[in-house]
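Structural overview
Here are the chains, one letter per residue:
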Amino acid sequence: MKKVFASMALLFAMCSGASAQTPGLPPAGNEKARQEFADSKFGIFIHFGFYSMFAQGEWYLSYGNVDCHEYAKAASGFYPSKFDADAWAEAIKASGARYVCFTTRHHDGFSMFDTEYSDYDIVDASPYKKDIVREMAEACKRHGIKFHLYYSLIDWTRDDYPGGWSAKNAGKDAKKADFDSYFHFMKNQITELIRKYDPDALWFDGKWDQPSSFDWRLDELYALIHSLKPSCLIGNNHHGSPLPGEDFQLFERDLPGENTAGYSAGQEIGQLPLETCQTMNGSWGYSVKDQNYKTGNALIQYLVRTAGKGANLLLNVGPQANGEIPEAATARMKAIGEWLNTYGETIYGTTAGDIPEHSWGVTTRRGDKLYVHILDLEDQALFIPLAGKKVKKAISFKDKSPVRFTKTKTGVTLELPQVPDETDYVVELTTD
Ligand code: FHN
């Protein structure tokens, strides 16, 4: 079936109903959505696409120097027979995550939803023929999980996407590059995504593929999104400080303020809700070679450290081509969920605590409660530089037993019952 590539009428009709948004201010209804997002603290990222079939990560087309036309032929063999949206939603729910971010279309250009604007999608190009994004949207609604959609600004297969550095050898026809046409396609698909799947957020990626002088027309894109659904949050993984129209700020593989992975150089922390995305092993898309998973405890500690920065953690899983989440990932999701069942109160709905991260751990705060998360301490006593705060009470969060403390001018010293040996020993302080 030949699909219509552009539907100007639909787009113009929708744009003409655009709500007036004061420049620099979020659209009405969006503040509440931002707050709910900031409070949710933990989400699961899902990198699942046609690339999963090659089991070599989502960059296989580019890293493997594969011709995009040869690559596309394999779509007729893509059949995730074990995909079960409810099973995924249950695993996500069990992990304690409050939202999911699903890759609707990654850089390889294959759409995981039934799009009117290309035949290179799961319904038309694969024998599977089911709209996985729709199934996920419906399952997430049933299970009370917010639904965020990842959308790549890059396309390694469409001729009209102009070059970029990331897939130079993919065999596209550079003479046909036409950003107007490509931008029009993206606007149509994004309109479709909002209309069909009612996402709580859109998560963009790939701006870094072009030189900084390149005009992505993001103002226009963001205005379109907010006009279609004002409460739909916009995040963009451009590795820079937030741009006008964005609703949350992203950090890739690093906590806000850190740059160990090299993506966050010069990224100022702004006033928007923050989100760090991170892998469980080293890969986003499923990689048969990568079994280098962080332990459940390490991931719990990472979640705690993220909350200590006032940020959300978006933790990635890369399902296998058959549609199953790898066992190593589900085991870790379960471990995090079990930990959150006990300690969720010290994470969800909190802000960064009163003091910055220390070598022993971090703090989070909700109201008059300051949670001291002790992640690594050699001693039985801990000094917390809380000058100017009155500590009224200190208890061990888990069993509510009192913790002895001494207040001095410069802070408070906690005397613990023993040297902590848990993943996270939490002391709850009641302060003024
Ligand atoms: O190129 C992508 C990559 O495949 C993955 O999707 C990550 C997730 O943050 N973002 C890009 C790299 O910055």
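Above: the structure in question.
Residues numbered from 1 in each chain as written. Predicted model: local features only at pLDDT ≥ 70, side-chain atom pairs only at ≥ 80, totals over all residues. Heavy atoms only, no water.

Turning our eyes to something else, we now look at the overall build of the chain. In terms of helices and strands, the chain carries 10 helices and 16 strands. In terms of C-alpha radius of gyration, the chain reaches 23 Å, essentially the compact-globule figure of 22 Å for 432 residues. Its C-alpha atoms put the chain at 75 × 50 × 40 Å along the principal axes. Split into buried and exposed, the 432 residues of the chain put 56% on the buried side. A fraction of 71% describes how many contacts in the chain between residues 6 or more apart in sequence connect residues 24 or more apart. The distance from the centre of the 46 positive side-chain charges to the centre of the 57 negative ones in the chain is 3 Å. (Helix = DSSP H or I, 4+ residues; strand = E, 2+ residues; numbered from the N terminus. Rg over C-alpha atoms; globule rule 2.2 N^0.38 Å. Buried < 20%, exposed > 50% of the residue type's maximum accessible area, 1.4 Å probe, protein only. Contact = heavy atoms within 4.5 Å. Lys, Arg positive; Asp, Glu negative; His and termini not counted. Charge placed at Lys NZ, Arg CZ, Asp CG, Glu CD.)

A word on the packing of aromatic side chains. Applying the stated criterion to the full structure yields 39 aromatic pairs. Between the aromatic rings of F50 and F54, the centroid separation amounts to 5.5 Å while the plane-to-plane angle is 55°, which identifies the pairing as tilted. Positioned above the aromatic ring of Y348 is the side chain of R98, whose terminal nitrogen or guanidinium carbon lies 3.5 Å from the ring centre. Above the face of the F397 ring, K400 is positioned so that its terminal group lies 3.8 Å from the ring centre. (Phe/Tyr/Trp six-rings, centres within 6.5 Å; stacked < 30°, edge-to-face > 60°. Lys NZ or Arg CZ within 6 Å of the ring centre and 35° of its normal.)

Let us look at the environment of G257. With respect to the element layout, G257 can be found in the loop between β6 (249–252) and β7 (274–279). Looking at G257, the relative accessible area reads 61%, which means it is exposed. In sequence terms G257 and T406 are 149 residues apart; their C-alpha atoms lie 32 Å from each other. Not counting chain neighbours up to four residues away, the residues in contact with G257 comprise F251 and I269.

Let's shift gears to the sheet that holds β6. The 8 strands are arranged β5-β4-β3-β2-β1-β8-β7-β6 in an open sheet whose pairing can be described as parallel. If you trace the sheet from one side to the other, it starts and ends with β5 (233–237) and β6, each paired once. Averaged over all neighbouring strand pairs, the angle between strand axes comes to 25°, with direction disregarded. Relative to β7, β6 runs parallel, the two sharing 4 bridges. In the strand pairing of β7, L250 is matched with E275. Taken strand by strand, helix α2 (residues 30–40) contacts β1 (42–46), β2 (99–105), β3 (146–152), β5, β7 and β8 (311–317), and its axis lies near 55° from that of β5. (Pairing = 2+ DSSP bridges. Axes fitted to C-alpha atoms, helices over the stretch in contact; angles between N-to-C directions.)

So, on to the layout of surface pockets. Rolled over the atoms, a probe with the dimensions of a water molecule shows which regions are left empty. There is about 460 Å³ of room inside the largest pocket. Forming the walls of the largest pocket are 25 residues, and the residues nearest its centre are E58, W59, Y63, Y263 and W284. (1 Å grid on protein atoms, 1.4 Å probe; cavity = no way out; pocket = protein on both sides within 12 Å on 5 of 7 lines; lining within 4 Å. Points joined across faces, edges and corners; volume = space filled by probe spheres on them.)

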